[in-house]
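# Structural overview for review
Next come the chains, spelled out residue by residue.
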Amino acid sequence: MKTIIIIITLAIFLMLAIRRKYIGIIASLFVCFILDWIIVNELSATPFIETIAISARDPIIAVLIYVIIKLICMSIFYATLKKYNHIISLIFYLVINLIIDIFYMSISGYILLDLLFNCMIGSVMITAYKENLEMEQIKGFIIIGMIIDTICTFCIAVLWKAIGWAILLLGYIFKPIIICIVPAIIGLILCAIIIHLTRKKLEKKNRTFKILIYVMILIFCECLSMTVGALFIVHESHKPDKIYVEMKEINENQSLIGLSKEQVVELLGKPRNEYSSGKDKKVYCYNAGKISDRIFSKESKFYDLRIVLNENDKVESTYMQQNT
């Protein structure tokens, strides 16, 4: 729905831009933005109109802000193209769009990728500026530039999402193979580098000796890379968060044993849950964090720190338990 509203609103302002000057377009957008804000705030308390006002507020305001920012961006880009060369103008365009991406709307969610995508869009606009005479005037530049910017951004965003889903699917299917192959390839690369660095020193040695040395280097590099890869996989597939580490340390060093329930609450806060266990015993449950698997299942296991209080409300024992 928001996409349809953005396209319709953008089309309306582009049609108005044909008969108005650039400053008039900006002024009319600001007027519409202020009127929209006033009307929504006034009508949001009116029965029956309240639903319409609140539901229309976010998309309309978002579109108005987006169009205003983009028009200002296009005017600065046009001014730099007129005054400076294309490289400096493209740098200005990238800086402005980087600010927009960070504070308003990102294409990919990553700064470096957004810079690359905006560089591609800016290059297309500069090419169109050189080839299209209508873009020599600021009005034509803004209209055609907005069209190019909107179409390119939409296409890149859709393509980026499609690539992301494809990589995710292929990674899910071939993940076990990739996990085994990547350390082996890294070992081969390391082996090739070491052999290249030691090749001159082994030139005078006989062939059998050199082959033996090369085989030993290969075995060493592969064992090293596979060991490091295995340690990395174990670390990433069983990665505890900060809360889990802290609670596990508390549980292992038995620092709570003998404390009163008031002291436990003062130290850890109020328990998330408490229940009776056996005769005159209570159990306090605290969130003990999670262990995440970032390699295989992409899932997390959540844990509780359970504190057992005896009949005198003193800590008798503690233990960690996984949530079911």
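Below, the structure is looked at part by part. (Residues numbered from 1 in each chain as written. Predicted model: local features only at pLDDT ≥ 70, side-chain atom pairs only at ≥ 80, totals over all residues. Heavy atoms only, no water.)

### As for the environment of Asn132
Turning to its location among the elements, Asn132 is positioned in the loop between helix H5 (111-131) and helix H6 (138-198). On the basis of relative accessible area, Asn132 is assigned to the partly exposed category, the value being 27%. (Helix = DSSP H or I, 4+ residues; strand = E, 2+ residues; numbered from the N terminus. Buried < 20%, exposed > 50% of the residue type's maximum accessible area, 1.4 Å probe, protein only.)

### Let's talk about the pairing of strand E5 (residues 315-322)
Taken together, the 7 bridges between strand E4 (residues 300-309) and E5 define a ladder with antiparallel strand orientation. Looking across to E5, one finds that Asp304 is bridged to Gln321. Between E4 and E5, which pair antiparallel one after the other, the connecting turn spans 5 residues, and Asp313 there sits at a positive phi close to 60°. (Pairing = 2+ DSSP bridges.)

### Observations regarding the pattern of salt bridges
For the structure shown, the criterion picks out 5 salt bridges. A salt bridge links Lys281 to Glu316, with the shortest nitrogen-to-oxygen separation between them at 2.9 Å. Taken together, the positions of Lys281 in the loop between strand E2 (273-276) and strand E3 (282-292) and Glu316 in strand E5 put the pair 35 residues apart, joining distant regions of the chain. Ionic pairing is found between Arg306 and Asp304, a salt bridge with its closest N-O pair at 3.4 Å. One exposure class covers both Arg306 and Asp304, and it is buried. A cluster of three or more residues bridged by salt bridges with shared partners is formed by Arg272, Asp304 and Arg306. (Salt bridge = Lys/Arg side-chain N within 4 Å of Asp/Glu carboxyl O.)

### Topic: the nonpolar core
If you look at the biggest cluster of nonpolar residues, it comprises 28 residues, and the most contacted ones within it are Phe77, Tyr93, Ile121, Met125 and Phe141. Where this core is concerned, the elements lending two or more residues are helix H3 (49-83), helix H4 (86-103), H5 and H6. It is H3 that provides the largest number of residues to this core, a total of 8 residues. For Tyr93, the contacting residues outside a window of four places in its chain are Cys73, Phe77, Asn118, Ile121, Gly122, Met125 and Asp149. Ranked by size, the runner-up nonpolar core spans 14 residues in total, among them Leu256, Tyr284, Tyr286 and Ile291. (Core = buried A, V, L, I, M, F, W, Y, C linked by side-chain atoms within 4.5 Å. Contact = heavy atoms within 4.5 Å.)

### Topic: a nonpolar patch on the surface
Together, Ile87, Ile91, Val95, Ile99, Ile102, Phe103 and Ile111 make up an exposed nonpolar region whose accessible area comes to about 750 Å². Ranked by residues supplied to the nonpolar patch, first place goes to H4 with 6 residues. (Patch = residues over 30% accessible without salt bridge, like charges linked within 9 Å, V, L, I, M, F, W, Y side chains within 5 Å. Areas by Shrake-Rupley, 256 points an atom, 1.4 Å probe, with all protein chains shown as cover.)

### Digging into empty space enclosed by the protein
This structure, assessed with the given rule, holds 2 cavities of 30 Å³ or more. Each pocket or cavity is described by its volume, and for the largest cavity that value is around 90 Å³. Lining the largest cavity we find Tyr66, Lys70, Asn97, Ile100, Asp101, Met105, Ser106, Ile107, Asn118, Ile121, Asp149 and Thr153. Contributions of two or more residues to the lining of the largest cavity are made by H3, H4, H5 and H6. Considering every element that reaches the lining of the largest cavity, the biggest residue donor is H4, with 3 residues. Considering only residue class, the lining of the largest cavity consists of 5 nonpolar, 4 polar and 3 charged. (1 Å grid on protein atoms, 1.4 Å probe; cavity = no way out; pocket = protein on both sides within 12 Å on 5 of 7 lines; lining within 4 Å. Points joined across faces, edges and corners; volume = space filled by probe spheres on them. Nonpolar A, V, L, I, M, F, W, Y, C, P; charged D, E, K, R; others polar.)

### Here we look at the side chain of Ser89
Note on placement: Ser89 falls in helix H4. Polar contacts involving the side chain of Ser89 include one to the main-chain amide nitrogen of Leu81, which spans 3.2 Å. A distance of 2.9 Å separates a polar atom in the side chain of Ser89 from the backbone oxygen of Asn85. Contacts of Ser89, omitting those with residues within four sequence positions, involve Phe77, Thr80, Leu81 and Tyr84. (Polar contact = N/O pair within 3.5 Å; in protein donor to acceptor, adjacent residues only side chain to side chain.)

### Considering unusual backbone geometry
Even without being a glycine, Gln254 presents a positive backbone phi close to 55°. Residue classification places Gln254 among the partly exposed residues on the basis of a relative accessible area of 37%. Not every positive phi belongs to a glycine, and Asp313 is a case in point at roughly 60°. Turning to its location among the elements, Asp313 is positioned in the loop between E4 and E5.

### Observations concerning the pairing of E3
The element E3 is extensively covered by neighbouring structure, given that 8 of its 11 residues are classed as buried. Two strands pair when backbone bridges link them, and strand E1 (residues 239-240) and E3 are joined in this way by 2 bridges, in the antiparallel orientation. Directly across from Pro240, in E3, lies its bridge partner Ile291. With 4 bridges connecting them, E2 and E3 associate as antiparallel partners. When the bridges of E3 are listed, Ser276 appears paired with Lys282. What sits between the antiparallel neighbours E2 and E3 is a turn of 5 residues, in which Gly278 has the positive phi angle 70°.

### As for the packing of H4 against H5
Two elements in contact, H4 and H5, have axes separated by 9 Å at closest approach and are oriented at 135°. When the axis of H4 is compared with that of H5, the two are oblique. Classified by chirality, the crossing of H5 by H4 is right-handed. Within the contact between the two elements, H4 uses His86, Leu90, Tyr93, Leu94, Asn97, Leu98 and Asp101 and H5 uses Ile111, Asp114, Leu115, Asn118, Cys119, Ile121, Gly122, Ser123, Met125, Ile126 and Lys130. (Axes fitted to C-alpha atoms, helices over the stretch in contact; angles between N-to-C directions. Parallel < 35°, antiparallel > 145°, perpendicular 65-115°, else oblique. Left-handed = near helix turned anticlockwise from the far one by under 90°.)

Everything listed is a geometric property; what it means functionally is a separate question.
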